[in-house]
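Chain by chain, the residues:
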Amino acid sequence: MLEYILKGQFNNKKTYIVVAILLFIHFVILGSLFEFGNETNLQEIMTIQFSGMFFVAFLLPIYYGSFVSNIFCTDLESGQLTFIFTRGKYRISYYLSNVILLIVLSNVFIIYCSLLILVRAWLKGIEMGSFSIGMFAIQYSLLFGYLMTIGMLLFLTSIIFKNNIMGNIILFILVTLGLWEYFTHINISSINPIIRAMFLFHEPHAGELSVRFSLLYYRAIVIFLFVIGWLAIIRVSLTGKEK
């Protein structure tokens, strides 16, 4: 089933290529437009780039959303789900395969962005310096939790509503609330996944958010969406009537 899912994703290769090019332009060619201060090492550049409101709240949902928003709808429109949904075990296998796909895409997305930032630093002649693997791992984990939240949200809403419109609306609302919170105040009790994804807003940096709580928060919300999606995929009917 996973092999079938991965083969189906080749239909989106044009989208992947366009997103890859846009990310390259953002980080490598236009990177100086989104940097603040005089960065002295790779760690500072990576932290600032991955904590930028413009990237995290706007570009990242758009870019990553284009990766995953059509996962279910493409299969639905092609008619290939008719056979898969005839038996319960096929539904579960299909669901788990797509969750694995989201995990793969999330990691590929972050790794690709990290490599582009590395290229940006090399072009600026900035050395690695005192690069902390532990700090990068925390930042990586926050972004991974954020991307999985977006992916599971879009996947779940597409299963329930059989389109990606509602998922995009919810994502737009989260972005709007994130902007409001960003420009007013960052509250330690914030549950907005956008705010929680920004490493600079956590201790011991400029913010007061807890890294430990943010990681637990992402874990909890992804598990919650996973369970709801599991129940939805079992009940959903292609005829429009729930089972």
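These figures come from a predicted structure and were not determined experimentally.

Scoring rules and cut-offs
- Residues numbered from 1 in each chain as written.
- Predicted model: local features only at pLDDT ≥ 70, side-chain atom pairs only at ≥ 80, totals over all residues.
- Heavy atoms only, no water.
- Helix = DSSP H or I, 4+ residues; strand = E, 2+ residues; numbered from the N terminus.
- Contact = heavy atoms within 4.5 Å.
- Areas by Shrake-Rupley, 256 points an atom, 1.4 Å probe, with all protein chains shown as cover.
- Axes fitted to C-alpha atoms, helices over the stretch in contact; angles between N-to-C directions.
- Parallel < 35°, antiparallel > 145°, perpendicular 65-115°, else oblique.
- Nonpolar A, V, L, I, M, F, W, Y, C, P; charged D, E, K, R; others polar.
- Polar contact = N/O pair within 3.5 Å; in protein donor to acceptor, adjacent residues only side chain to side chain.
- pLDDT = per-residue confidence, 0-100.
- Buried < 20%, exposed > 50% of the residue type's maximum accessible area, 1.4 Å probe, protein only.
- Core = buried A, V, L, I, M, F, W, Y, C linked by side-chain atoms within 4.5 Å.
- Phe/Tyr/Trp six-rings, centres within 6.5 Å; stacked < 30°, edge-to-face > 60°.

Draft legend 1. View of the overall build of the protein chain. For the protein chain, the helix and strand inventory stands at 11 helices and 0 strands. The linear arrangement of helices and strands in the protein chain, starting from the amino end, is α-α-α-α-α-α-α-α-α-α-α. Residue pairs at least 24 apart in sequence account for 73% of intrachain contacts in the protein chain once pairs closer than 6 positions are excluded. For the protein chain, the accessible area works out to roughly 12,300 Å², and carbon and sulfur atoms hold 70% of it.

Draft legend 2. Representation of the packing of helix 4 (residues 53-68) against helix 9 (residues 165-184) within the structure. Running from N to C, helix 4 and helix 9 point in directions that differ by 175°, and their axes come no closer than 10 Å. Relative to helix 9, helix 4 is oriented roughly antiparallel. Contact residues: Met53, Ala57, Phe58 and Pro61 in helix 4; Leu171, Val175, Gly178, Leu179 and Tyr182 in helix 9. A per-class count over the contact of helix 4 with helix 9 returns 8 nonpolar, 1 polar and no charged.

Draft legend 3. The environment of Tyr112, seen in detail. Its location among the elements puts Tyr112 in helix 7 (residues 88-123). Along the primary structure Tyr112 and Phe24 are separated by 88 residues, whereas in three dimensions their C-alpha atoms are 9.2 Å apart. Apart from residues no more than four positions distant in its own chain, Tyr112 is found in contact with Ala20, Leu23 and Phe24. One polar contact links the side chain of Tyr112 to the main-chain carbonyl oxygen of Ala20, over a distance of 2.8 Å.

Draft legend 4. Broad picture of the confidence of the model for the protein chain. Scored by pLDDT, the protein chain comes out at a mean of 80, with 82% of its residues at no less than 70. Confidence scores differ between elements of the protein chain, with helix 1 (residues 2-8) showing the lowest mean pLDDT of 50 and helix 11 (residues 211-235) the highest of 93.

Draft legend 5. Expanded view of the environment of Met135. With respect to the helices, strands and loops of the structure, Met135 is situated in helix 8 (residues 133-161). On the basis of relative accessible area, Met135 is assigned to the partly exposed category, the value being 27%. Dropping the residues within four chain positions of it, Met135 is found in contact with Gln43 and Phe199.

Draft legend 6. The arrangement of the nonpolar core in detail. Leu23, Phe55 and Phe109 are the most contacted members of the largest nonpolar core, which has 69 residues in total. Sorting elements by how many residues they give to this core places helix 8 first, with 14 residues. Beyond its immediate chain neighbours, meaning those up to four positions away, Leu23 contacts Val28, Phe55, Tyr63, Phe109, Tyr112, Cys113 and Leu116.

Draft legend 7. Quick look at the packing of aromatic side chains. Counting across every chain of the model gives 11 aromatic pairs. Between Phe27 and Phe55, the ring centres sit 5.1 Å apart and the planes meet at 65°, which makes this aromatic pair edge-to-face. Here Phe55 lies in helix 4 and Phe27 lies in helix 2 (residues 13-29), a separation of 28 residues in the sequence. Exposure class is identical for Phe27 and Phe55. Each is buried. For the ring pair Phe226 and Trp230, a centre distance of 5.8 Å and an interplane angle of 55° mean the geometry is tilted. With Phe226 and Trp230 both in helix 11 and 4 residues apart, this pair spans about one turn of that helix. Through a chain of ring-to-ring contacts, the aromatic side chains of Tyr95, Phe155, Phe226 and Trp230 assemble into a single cluster.

Draft legend 8. Molecular detail of helix 3 (residues 42-50). With 8 of its 9 residues buried, helix 3 lies for the most part within the structure. Taken residue by residue, helix 3 has Leu42, Gln43, Ile45, Met46, Thr47, Ile48, Gln49 and Phe50 as its buried positions.

Draft legend 9. Representation of unusual backbone geometry within the structure. In this model, Lys162 sits at a positive phi of 60°, which is unusual for a non-glycine residue. Residue classification places Lys162 among the partly exposed residues on the basis of a relative accessible area of 24%.

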